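Fold and contact review
If you want the building blocks of each chain, they are given just below.
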Amino acid sequence: MRAPAPDSRAVRRWLSGLTSSNRSWLHGTVAAGTLAGVATIVQMVFLARIVHLGVIEQAPARMLAPLFLGLILAMVFRAMAQGVQSHLAAKCSEQVRRKVRRQIHQHWRHSGPLVLRQSSAGSLAREWIDHVDALHGYFARFVPQITLSLLVPLIILVFVLYLDWLAGIFLVLSAPLIPLFMALVGMGAEKLNQQHFEIISRLSGQFLDKVRGLTTLQLFGQTSSAADLLQQRSDQYRRITLKTLRVAFLSSAVLEFFASVAIAVIAIYIGFGLLGYISYGPSSELTLFSGLLILLLAPEFFQPLRTLSQHYHDRAAALGAGAEILARLESTDSASVVVEHCSDEAQIRGSVANNDAIELRDVSLAFRQGHQILNNVSLTLNRGDAIALTGPTGGGKSTLLHLLAGFLAPDSGDINLFGEPAGSFAFGWLGQSGFLVQGTWADNLRLTSPEASDIAIDTALRNVGLGPLLDSRESGIFSKVSEDGQGLSGGQARRLSLARTFVADYDLILLDEPTAGLDTDSEIFVLEAMHKLSLAGKTLVFSTHHQALLALANRVLRVSDGEVKDV
């Protein structure tokens, strides 16, 4: 279950924490940007000097040649500094996004499949890809530009004050208006961007769900209603996108208006001063060099603020995406709770933990009030036993398996698997539907054992009865298979998943209804494979109603009415 959306202050604190961990890259980016700003001033000095000497003093070309060389060198240095700035900014963003994806991945790993199943795969993919990528502009452009929008204009202002203090005062008076109106516009942009990310996440999840269930929708004649729903969601996304763009354009227009007015005022002052119409203050001392240099530097004074305005929507986008990511990271319904809880309990009771048994002490779990699935269950399962869980549908068999796997956290009690807390012990798992990935048979078996040899994979496949099918395939273990098991029957796909347990050599194997929905031949192969695992000394815990599987077990437990009892 997702946590409620965090407030903007929490998101800003989270972003600040990410910023603090990458200070070195940000400082390098700001230093390179500052050098680019200084190079810009030097470039404008050379340009104004060339024009002054060429127009006023009629200097020959040989006197201007060194100035042209200096101008070219300043332009080259400025370009190099801007290139270094972009490179360092990209590295900073890369480090931040890598850290955030690591946090999301760790949360997914701790949450387990049951918790993640409550969220659409489309929403999860959107968070992993687009939401994290939305942080790029914030850290690569906006954060360093905040400092640059203070440093570079300040350096230019000092230089302009040295040339003409009255022109400097015009810059000082006009500069505060720009961030003020940017902030006013940005208040609306922040909320719109958060709505934008919420809507696109919902749209992504619904679209993926409809595509996956397209066959079912066709069978029940619901394709039209599904298409109408997607159309409504798409139109809603279109409207919020246009609102976001409107705010972004408004922000840029406000900045350009005030910057243009300020530059126009300075241009009027310089022009009247050079013509002799203004004699107040330093205006009588204006020359073509100083006046032109001030005019050239005035746009550069506002350029960092312009750039900040262009990237202001990156801040709004990062706040919107960060709210979604932080809501995911702060979700409390996570298996990490049970891992931490059991770790603490294991430390407290470490002296009595049994390294040769699975132990449940006073475990209780209720999905809703008044509906107790397990009630103070205490149980010990010995290493090497084959344990069958039976009982009525909905009695808690699958829930007990999920607790042992660490997919669920108990409301109370302690679970230890051979001395280790649930959720931290490596085990084999076979759910009611096999899990496959796009690739080859070998790729699927190497999910749990990346270093497995071709011979080990071949042996594992034959152990689950896929030998004849393997021999009939020209590509052998490198035969292609899709996520939905295309080219394999349901039983064959289930056995392919079961083969992972032979390759990985787990001590504990949990199976949820391993023969459910299989034909007779597939049932026999699964039974034989489980028998081989039992003979190899593996601990098997499986839920079933199948009589042959019950006969395979050396201990049968009935799970019903919140209790677990031997049959």
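These notes cover the structure that comes with them. (Residues numbered from 1 in each chain as written. Predicted model: local features only at pLDDT ≥ 70, side-chain atom pairs only at ≥ 80, totals over all residues. Heavy atoms only, no water.)

**Quick notes on helix H11 (residues 312-329)**
An α-helix turns once per 3.6 residues; consequently, residues spaced three or four apart project the same way. The terminal C-alpha atoms of H11 lie 25 Å apart, and with 18 residues this matches the ideal 26 Å at 1.5 Å per residue to within 8%. Most of H11 is tucked away, with 16 of its 18 residues classed as buried. (Helix = DSSP H or I, 4+ residues; strand = E, 2+ residues; numbered from the N terminus. Expected span 1.5 Å × (residues − 1). Buried < 20%, exposed > 50% of the residue type's maximum accessible area, 1.4 Å probe, protein only.)

**Notes on the sheet that holds strand E11 (residues 555-560)**
Pairing in this open sheet of six strands is mixed, and the strands run E6-E9-E10-E3-E11-E12 from one edge to the other. Lying at the two open borders of the sheet, with one neighbouring strand each, are strand E6 (428-430) and strand E12 (563-566). With direction set aside, neighbouring strand axes in the sheet form an average angle of 20°. For strand E3 (residues 386-390) and E11, the ladder comprises four bridges, and the chain directions are parallel. Residue leucine 389 lies in a different strand from E11, and its bridge partner there is leucine 557. Along the sheet face, helix H13 (residues 397-405) touches E3, E6, strand E9 (508-512), strand E10 (539-543), E11 and E12 and points at about 150° away from the line of E9. (Pairing = 2+ DSSP bridges. Axes fitted to C-alpha atoms, helices over the stretch in contact; angles between N-to-C directions. Contact = heavy atoms within 4.5 Å.)

**Quick word on the sheet that holds strand E5 (residues 420-421)**
The four strands lie next to each other as E2-E1-E4-E5, forming an open sheet whose pairing is antiparallel. At either end of the open sheet lies a strand with only one pairing partner, and these are strand E2 (371-382) and E5. Here strand E4 (residues 412-417) pairs with E5 via two bridges, running antiparallel. Paired with asparagine 416 across the strands is proline 421, a residue of E5. Here H13 sits on the sheet and contacts strand E1 (357-368), E2 and E4; the angle it forms with E1, its principal contact strand, is near 120°.

**Side note on the side chain of serine 497**
The topology assignment puts serine 497 in helix H17 (residues 490-504). A residue is classified by how much of its surface remains accessible, and serine 497, at 3% relative accessible area, is buried. Not counting residues up to four positions away in its chain, the partners in contact with serine 497 are Leu430, Gly434, Phe435 and Leu436.

**Some thoughts on the environment of leucine 549**
Of note, leucine 549 is situated in helix H19 (residues 547-552). Taking C-alpha positions, leucine 549 is 29 Å from histidine 371, a pair spaced 178 residues apart along the chain. Not counting residues up to four positions away in its chain, the partners in contact with leucine 549 are Pro514, Thr515, Leu527, Met530, Phe542 and Thr544.

**Observations regarding the side chain of arginine 101**
Within the secondary structure layout, arginine 101 lies in helix H3 (residues 61-116). On the accessibility criterion, arginine 101 (18% relative accessible area) is buried. Those residues in contact with arginine 101 that lie beyond four places of it in its chain are Trp128, Ile129, Val132 and Asp133.

**Concerning the pairing of E1**
Summarising the sheet, E1 and E2 pair through eight bridges and their orientation is antiparallel. By the bridge assignment, isoleucine 358 is partnered in E2 with leucine 381. Sheet analysis places E1 next to E4, joined by five bridges and oriented antiparallel. Of the residues in E4, the one forming a bridge with arginine 361 is aspartate 414.

**With respect to the pairing of E3**
Burial analysis of E3 places five of its five residues in the buried class, which makes it a mostly covered element. Along E3, one buried face is formed by Ala386, Ala388 and Thr390 and the opposite face, lined by Ile387 and Leu389, is buried too. With four bridges joining them, E3 and E10 adopt parallel strand pairing. If you follow leucine 389 over to E10, its bridge partner there is serine 543.

**What about the environment of valine 76?**
As for its position among the elements, valine 76 is in helix H3. Residues valine 76 and glutamine 43, 33 residues apart in the sequence, show an inter-C-alpha distance of 9.8 Å.

**Brief notes about the nonpolar core**
Residues Leu461 and Phe542 are the most contacted members of the largest nonpolar core, which totals 41 residues. If one sorts the elements of this core by residue count, H17 sits on top with seven residues. Contact partners of leucine 461, with chain neighbours within four places excluded, come to Trp441, Leu445, Leu466, Gly467, Leu470, Ile477, Leu496 and Ala499. Counting 31 residues, the second largest nonpolar core, distinct from the first, contains Leu381, Ile387, Ala405 and Ile415. (Core = buried A, V, L, I, M, F, W, Y, C linked by side-chain atoms within 4.5 Å.)

**Observations concerning the packing of aromatic side chains**
Evaluated as defined, the whole model comprises eight aromatic pairs. An angle of 75° between the planes, with centres 5.6 Å apart, marks the rings of phenylalanine 170 and tyrosine 269 as edge-to-face. Highlighted residues: phenylalanine 170 in helix H6 (residues 165-174) and tyrosine 269 in helix H9 (residues 223-275), separated in sequence by 99 residues. Each member of the aromatic cluster is reached from another via a ring pair, and the members are Tyr138, Phe139 and Phe142. For arginine 49, the ring lying beneath its charged end belongs to phenylalanine 289, and the centroid distance is 5.7 Å. The side chain of arginine 101 reaches across the aromatic face of tryptophan 128, ending 5.8 Å from its centre. (Phe/Tyr/Trp six-rings, centres within 6.5 Å; stacked < 30°, edge-to-face > 60°. Lys NZ or Arg CZ within 6 Å of the ring centre and 35° of its normal.)

**Re the packing of helix H2 (residues 23-55) against H3**
Viewed as axis vectors pointing N to C, H2 and H3 meet at an angle of 160°, and their least axial separation amounts to 8 Å. Taken as axis vectors, H2 and H3 run roughly antiparallel relative to one another. The two elements H2 and H3 cross, and the hand of that crossing is left-handed. Here the residues of the contact of H2 with H3 sort into 23 nonpolar, 10 polar and three charged. (Parallel < 35°, antiparallel > 145°, perpendicular 65-115°, else oblique. Left-handed = near helix turned anticlockwise from the far one by under 90°. Nonpolar A, V, L, I, M, F, W, Y, C, P; charged D, E, K, R; others polar.)

**Observations regarding a nonpolar patch on the surface**
A contiguous nonpolar patch, built from Leu161, Trp165, Ile169, Leu173 and Tyr280 and spanning about 520 Å² of accessible area, is present on the exposed surface. One can find leucine 161 in helix H5 (residues 136-163). (Patch = residues over 30% accessible without salt bridge, like charges linked within 9 Å, V, L, I, M, F, W, Y side chains within 5 Å. Areas by Shrake-Rupley, 256 points an atom, 1.4 Å probe, with all protein chains shown as cover. Salt bridge = Lys/Arg side-chain N within 4 Å of Asp/Glu carboxyl O.)

**Remarks on the layout of surface pockets**
In this structure, the largest pocket spans a volume of roughly 2,100 Å³. As for the largest pocket, its lining consists of 49 residues, and the residues nearest its centre are Pro113, Arg117, Trp429, Phe435 and Leu436. Among the secondary structure elements, those contributing two or more residues to the lining of the largest pocket are H3, helix H4 (121-133), helix H7 (177-212), helix H12 (335-348), H13, E6 and H17. At eight residues, H3 tops the list of elements feeding residues into the lining of the largest pocket. Its residues assigned to classes, the lining of the largest pocket shows 21 nonpolar, 19 polar and nine charged. The volume enclosed by the second largest pocket comes to roughly 420 Å³. In terms of lining, the second largest pocket is formed by 21 residues, of which the most central are Gln82, Gln85, Gln145, Leu148 and Thr307. Mapped onto the lining of the second largest pocket, the elements with two or more residues apiece are H2, H3, H5 and helix H10 (288-310). (1 Å grid on protein atoms, 1.4 Å probe; cavity = no way out; pocket = protein on both sides within 12 Å on 5 of 7 lines; lining within 4 Å. Points joined across faces, edges and corners; volume = space filled by probe spheres on them.)

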